[in-house]
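Tertiary structure, described
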Protein chains: 4
Amino acid sequence: MDSKAKIITAARQLIYQNGYEATSISDIMAAAAVGKGQLYYYFKSKKDIGLAVLQQIVAEWDQQLVHGILAADQPAAPALTAMLAWVLDFHRQQDEHYGCPIGNVISEMSTKDEDFRVLLDQLMTAWTTALAVKLQQLTPVIAAKEAQVKAQTIIATLQGAILLIKVHQDIAPLEQAVNYLRQSVLQLEASR
Amino acid sequence: MDSKAKIITAARQLIYQNGYEATSISDIMAAAAVGKGQLYYYFKSKKDIGLAVLQQIVAEWDQQLVHGILAADQPAAPALTAMLAWVLDFHRQQDEHYGCPIGNVISEMSTKDEDFRVLLDQLMTAWTTALAVKLQQLTPVIAAKEAQVKAQTIIATLQGAILLIKVHQDIAPLEQAVNYLRQSVLQLEASR
Amino acid sequence: MDSKAKIITAARQLIYQNGYEATSISDIMAAAAVGKGQLYYYFKSKKDIGLAVLQQIVAEWDQQLVHGILAADQPAAPALTAMLAWVLDFHRQQDEHYGCPIGNVISEMSTKDEDFRVLLDQLMTAWTTALAVKLQQLTPVIAAKEAQVKAQTIIATLQGAILLIKVHQDIAPLEQAVNYLRQSVLQLEASR
Amino acid sequence: MDSKAKIITAARQLIYQNGYEATSISDIMAAAAVGKGQLYYYFKSKKDIGLAVLQQIVAEWDQQLVHGILAADQPAAPALTAMLAWVLDFHRQQDEHYGCPIGNVISEMSTKDEDFRVLLDQLMTAWTTALAVKLQQLTPVIAAKEAQVKAQTIIATLQGAILLIKVHQDIAPLEQAVNYLRQSVLQLEASR
DNA sequence: AATGAATGAGGGTTCATTCAT
DNA sequence: TATGAATGAACCCTCATTCAT
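Residues numbered from 1 in each chain as written. Chains lettered and ligands numbered in written order. Predicted model: local features only at pLDDT ≥ 70, side-chain atom pairs only at ≥ 80, totals over all residues. Heavy atoms only, no water.

Moving on, we come to the overall build of chain A. Looking only at helices and strands, chain A features nine helices and zero strands. Going residue by residue from the N terminus, the α and β elements of chain A occur as α-α-α-α-α-α-α-α-α. Along the first, second and third principal axes, the C-alpha atoms of chain A reach 60 × 30 × 30 Å. A total of 192 residues make up chain A; the buried ones form 54% of that total. Taking the intrachain contacts of chain A between residues at least 6 apart in sequence as the baseline, contacts between residues at least 24 apart amount to 65%. Working note: accessible area of chain A is about 8300 Å², and carbon and sulfur atoms make up 53% of it. One finds the centroid of the 16 positive side-chain charges in chain A at a distance of 2 Å from the centroid of its 19 negative side-chain charges. (Helix = DSSP H or I, 4+ residues; strand = E, 2+ residues; numbered from the N terminus. Buried < 20%, exposed > 50% of the residue type's maximum accessible area, 1.4 Å probe, protein only. Contact = heavy atoms within 4.5 Å. Areas by Shrake-Rupley, 256 points an atom, 1.4 Å probe, with all protein chains shown as cover. Lys, Arg positive; Asp, Glu negative; His and termini not counted. Charge placed at Lys NZ, Arg CZ, Asp CG, Glu CD.)

Below, the structure written as structure tokens:
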């Protein structure tokens, strides 16, 4: 792994656990075992690193979630179940609950830096849109607008549940939310 | 207003808009128009200020929400509607969407400082419990456990929706989530 | 005990253990259980407190040592032995060895504040002179100048030994120095 | 001279004259003509600087005194005389008498910071041991233990005399102590 | 590509002292 | 006598960034 990748990997982990502002350049240097020179050779500023980390996550979500699990050619019901499992599994694997890698940055950076916000906005919009498409596939009668609303509410429930597991340090809220959403999907499927 | 109150008020506003870590003692000093020594006369540390701010919000929510809107003697359906309006109205009044005063701190501080986390945990638990009681009043047949789960999911949806309005800088997600939750409540009421 | 005395007592203990500069007004306030107002009512500055503490110690040494143990009418040999015991006993009673209450302040303040230095100088001179008188009583043949020199060297040995017990945190060096000085005195006495 | 050395040199001088606590980082910065960041680039804390200064002095004393003047292969009597001269000459060169660079730190730091104390303890022990060896070379009949005691008392006398020149701002006490110790050595040499 | 020395603003905190009551 | 609120300079330290090599 080259220096640039090492830096991004280290920064990603640190930002996830401690937040963007609380992660110092020195922390990243130490974690990546990289000198100050290299860091400023590959990135022109700390913000640049933050953006690079964000873009990496966005790319992953785009690939795995938007163009993977929720891809147009996937059958709707299993896709929705898979999406819920994808979210739940990530948090099940964590010993300590640091919240959502994207949600955390939304909370910290959205009103502080427009570049961060735009990137996050695009990702969340892409997710919402892909999810809305699936919901429409599942229940073709509903209007596009309504599907969009439903998709957004599902995502909100997931994000909120992840926030709750962070305060309570207990995964139960997410388990329950996923259960509830799974049932909603099944009902929708049954009702068509 | 005395100095201590001025400090808390200033800090509360700054922490809400910029986060706890990003709010410097100097910022608070300037906003409260108070000297540095004064600040450390009333509070032994920055963390102390943060905790005081949090306790003030917790006290307000406890009074307005837990012991006000969701008080035991309030009829269930209007109480739930009032709760949703209480949340929605707050965010409707904001020009820029800084998210939830509590949710932001949950996201930033839960895994960084146990004292913050415990306070936030208690508030969210109190809210959940009070909401669960209302839900049971509305639909007496459901089990206490189920009501608790439902309550938590409702709160999750609200928190998540508030996070989404922060990324999108558009109140729509919260409007929609509140609409959706209002309908759920009406259905529950009708179904008993 | 009135406030003024409480302040001096508390300050004396703190200055002995931590030094003058390292003892803060707040420390003294806390230890004396006295408000800020009282402190600045009785003393016009921190230096004033330090000087008062010093004067108290000087007065005690003057009374106990210079005008007590080494008083003109005391027989020389027992006086010298008593002086050595007076020094040794003080340090034997300490659990942790903080050094000499006077020596510490000499080391810290002599070149920083002339008012402190003068006070300390006077005390040490008085001690030296009183001791020289005793030495002359013991061995009348020696010149006044020589007695003065001998006195100063004895005091030096004691002060140095107390410094050594502070580094080593072991009272042995002082025990040994006192032993040595006691023998010197006995020899002087025998040789006359 | 590189920055690190400049910092240590400046700090050494300041600590000698004003003490460790009374020497501020800003003072060192100004004296070394070095920026604040630079200081924390080379040293991780103020304590680190203090320890580095101490280690430099310890190294010098070890080299010049313990392994130089008092080296095993040096004839005893001249070595002792040289040691006394080494001490006296240092203080003769000073315009103002700031005391002993080591003794001052012993007095200030021994009971405040164990890391300082250990370093100082080691130096003083090394000096005592080396001096005891010389004393035994001079008077082979005396027991090792007795030599150790005698060595410690000699060092005590020197340290105490240096403390006295600090209060009195007059080098006489040290001159006299050295004279006295020189005679003691001569007597020992004559008596074998 | 890479090093690490240098910068200086700003972080939270403590300090001795003064003021109004 | 006594209180405690107010002041602002100074404390040690960390920060993101730049420079010379």
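Right, let's talk about the packing of helix 4 (residues 46–69) of chain C against helix 5 (residues 76–92) of chain C for a bit. Residues and elements named next belong to chain C. Where helix 4 meets helix 5, the closest approach of the two axes is 10 Å, and the angle between their N-to-C directions is 155 degrees. As summarised for this structure, helix 4 and helix 5 are arranged roughly antiparallel, according to the angle between their axes. The segment helix 4 lies against helix 5, with Trp61, Gln64, Leu65 and Ile69 engaging Ala79, Ala82, Met83 and Trp86. Across the contact of helix 4 with helix 5, the residue classes break down as seven nonpolar, one polar and no charged. (Axes fitted to C-alpha atoms, helices over the stretch in contact; angles between N-to-C directions. Parallel < 35°, antiparallel > 145°, perpendicular 65-115°, else oblique. Nonpolar A, V, L, I, M, F, W, Y, C, P; charged D, E, K, R; others polar.)

Before going further, it helps to spend a moment on the protein's contact with DNA strand E. Lining the immediate environment of DNA strand E, one finds 27 residues, of which Gly37 of chain A, Lys36 and Tyr40 of chain B together with Gln38 and Tyr41 of chain D sit closest. Counting only the atoms of DNA strand E that lie within 4 Å of the protein, the sugar and phosphate share comes to 62%. At 2.6 Å from a phosphate oxygen of DNA strand E is found a main-chain nitrogen or oxygen belonging to Lys46 of chain B. At 2.9 Å, a side-chain N or O of Tyr42 of chain D approaches a phosphate oxygen of DNA strand E. When residues of the surface near DNA strand E are traced back to their parent elements, those giving at least two are helix 3 (36–42) of chain A, helix 2 (25–32) and helix 3 (36–42) of chain B, helix 3 (36–42) of chain C together with helix 3 (36–42) of chain D. The residue inventory of the surface near DNA strand E, partitioned by class, reads eight nonpolar, 13 polar and six charged. (Near = heavy atom within 4 Å. Polar contact = N/O pair within 3.5 Å; in protein donor to acceptor, adjacent residues only side chain to side chain.)

The transform that puts chain A on chain B rotates by 180 degrees and translates by 0.1 Å along the axis, for an RMSD of 0.1 Å. Both copies are brought into coincidence by an operation consistent with a two-fold rotation axis. Interface residue correspondence from chain A to chain B reaches 100%, placing this contact among same-surface, isologous pairings. (Least-squares fit on C-alpha atoms with pLDDT ≥ 70 in both.)

As a further point, take the protein's contact with DNA strand F. The immediate surroundings of DNA strand F are formed by 27 residues, with Gln38 and Tyr41 of chain B, Gly37 of chain C together with Lys36 and Lys46 of chain D found nearest. Of everything in DNA strand F that lies within 4 Å of the protein, sugar and phosphate atoms constitute 63%. Lys36 of chain A is positioned with one of its side-chain polar atoms (N or O) 2.9 Å from a base oxygen of DNA strand F. Taking Tyr41 of chain C, its side chain carries an N or O atom lying 3.4 Å from a sugar or linking oxygen of DNA strand F. Elements with a contribution of two residues or more to the surface near DNA strand F: helix 3 of chain A, helix 3 of chain B, helix 3 of chain C together with helix 2 (25–32) and helix 3 of chain D. When grouped by side-chain class, the residues that make up the surface near DNA strand F number eight nonpolar, 13 polar and six charged.

Turning our attention to the relation of the copies chain D and chain C. In the superposition of chain D on chain C (RMSD 0.1 Å, axial shift 0.1 Å), the rotation amounts to 180 degrees. Comparing contact sets, 100% of the residues at the interface of chain D also lie at the interface in chain C, consistent with an isologous, same-surface contact.

Residues and elements named next belong to chain A. According to the domain assignment, chain A consists of domain 1 (1–44) and domain 2 (56–190). Put simply, the middle of domain 1 and the middle of domain 2, counted by C-alpha atoms, are 28 Å apart. At the interface, seven residues of domain 1 touch 14 residues of domain 2. With both sides pooled, the region where domain 1 packs onto domain 2 buries about 960 Å², and carbon together with sulfur makes up 54% of that total. Considering only the side of domain 1, the residues that lose the most area to domain 2 are Arg12, Tyr16 and Tyr20, jointly responsible for 66% of the buried surface there. Taken together, domain 1 and domain 2 are joined by one salt bridge. Linking domain 1 to domain 2 there are five residue pairs in polar contact (both at pLDDT 80 or more). (Domains from an automatic or database assignment. Buried area = accessible area lost by both parts, 1.4 Å probe. Salt bridge = Lys/Arg side-chain N within 4 Å of Asp/Glu carboxyl O.)

Here we come to the environment of Leu39 of chain D. Residues and elements named next belong to chain D. Relative to the elements of secondary structure, Leu39 occurs in helix 3. Residues Leu39 and Val167, 128 residues apart in the sequence, show an inter-C-alpha distance of 34 Å. Not counting residues up to four positions away in its chain, the partners in contact with Leu39 are Ile7, Ile25, Ile28, Met29, Val34 and Ile49.

So, about the packing of aromatic side chains. Per the stated rule, a full pass over the model turns up 24 aromatic pairs over all chains. With 5.1 Å between their ring centres and 80 degrees between their planes, Tyr41 of chain D and Tyr42 of chain D make a pair best called edge-to-face. Through successive ring pairs, a cluster of aromatic residues spans Tyr16, Phe90 and Tyr98 of chain A. We note Lys46 of chain B situated over the ring of Tyr20 of chain B; from NZ or CZ to the ring centre the distance is 4.6 Å. (Phe/Tyr/Trp six-rings, centres within 6.5 Å; stacked < 30°, edge-to-face > 60°. Lys NZ or Arg CZ within 6 Å of the ring centre and 35° of its normal.)

Tallied over the full model, the rule gives 32 salt bridges over all chains. Asp121 of chain B is the salt-bridge partner of Arg117 of chain B, the closest N and O atoms lying 3.0 Å from each other. Of this pair, Arg117 of chain B and Asp121 of chain B both sit in helix 7 (residues 114–138), four residues apart, which is roughly one turn of the helix. When sorted by exposure, Arg117 of chain B lands in the same class as Asp121 of chain B, which is buried. The partner of Asp48 of chain C in a salt bridge is Lys44 of chain C, with the nearest N and O atoms 3.8 Å apart. Classification of Lys44 of chain C as exposed rests on a relative accessible area of 68%. One connected set of salt bridges, linked through shared partners, spans Lys47, Asp113 and Asp115 of chain A.

Before going further, it helps to examine the arrangement of the chains. When C-alpha atoms are compared, chain B and chain C, though not in contact, are closest at a spacing of 12 Å. The two units chain A and chain D are non-contacting; their minimal C-alpha-C-alpha distance is 12 Å.

Taken together, the contact between chain D and chain C spans 39 residues of the former and 39 residues of the latter. Summed over the shared surface of chain D and chain C, the number is zero salt bridges. Summed over the shared surface of chain D and chain C, the number is 10 residue pairs in polar contact (both at pLDDT 80 or more). Where the side of chain D that touches chain C is concerned, the elements lending two or more residues are helix 1 (3–18), helix 6 (101–109), helix 7 (114–138), helix 8 (144–168) and helix 9 (172–190) of chain D. Per-element accounting of the side of chain D that touches chain C gives the leading share, 16 residues, to helix 8 of chain D.

Before going further, it helps to examine the interface of chain A and chain B. The interface of chain A with chain B comprises 39 residues on the first partner and 39 residues on the second. For the pair chain A and chain B, the two sides together bury roughly 3300 Å², of which 62% comes from carbon and sulfur. In this assembly, chain A and chain B are joined by zero salt bridges. Joining chain A to chain B, the criterion identifies 10 residue pairs in polar contact (both at pLDDT 80 or more).

Residue and element names in this part refer to chain D. Along the chain, Leu186 turns up in helix 9. By relative accessible area, which is 46% here, Leu186 ends up partly exposed. C-alpha of Leu186 to C-alpha of Thr81: the two residues are 105 residues apart in sequence and 9.3 Å apart in space.

Burial of helix 6 of chain D is extensive: nine of the nine residues sit out of reach of the surface. For helix 6 of chain D, the set of buried residues is Pro101, Ile102, Gly103, Asn104, Val105, Ile106, Ser107, Glu108 and Met109 of chain D.

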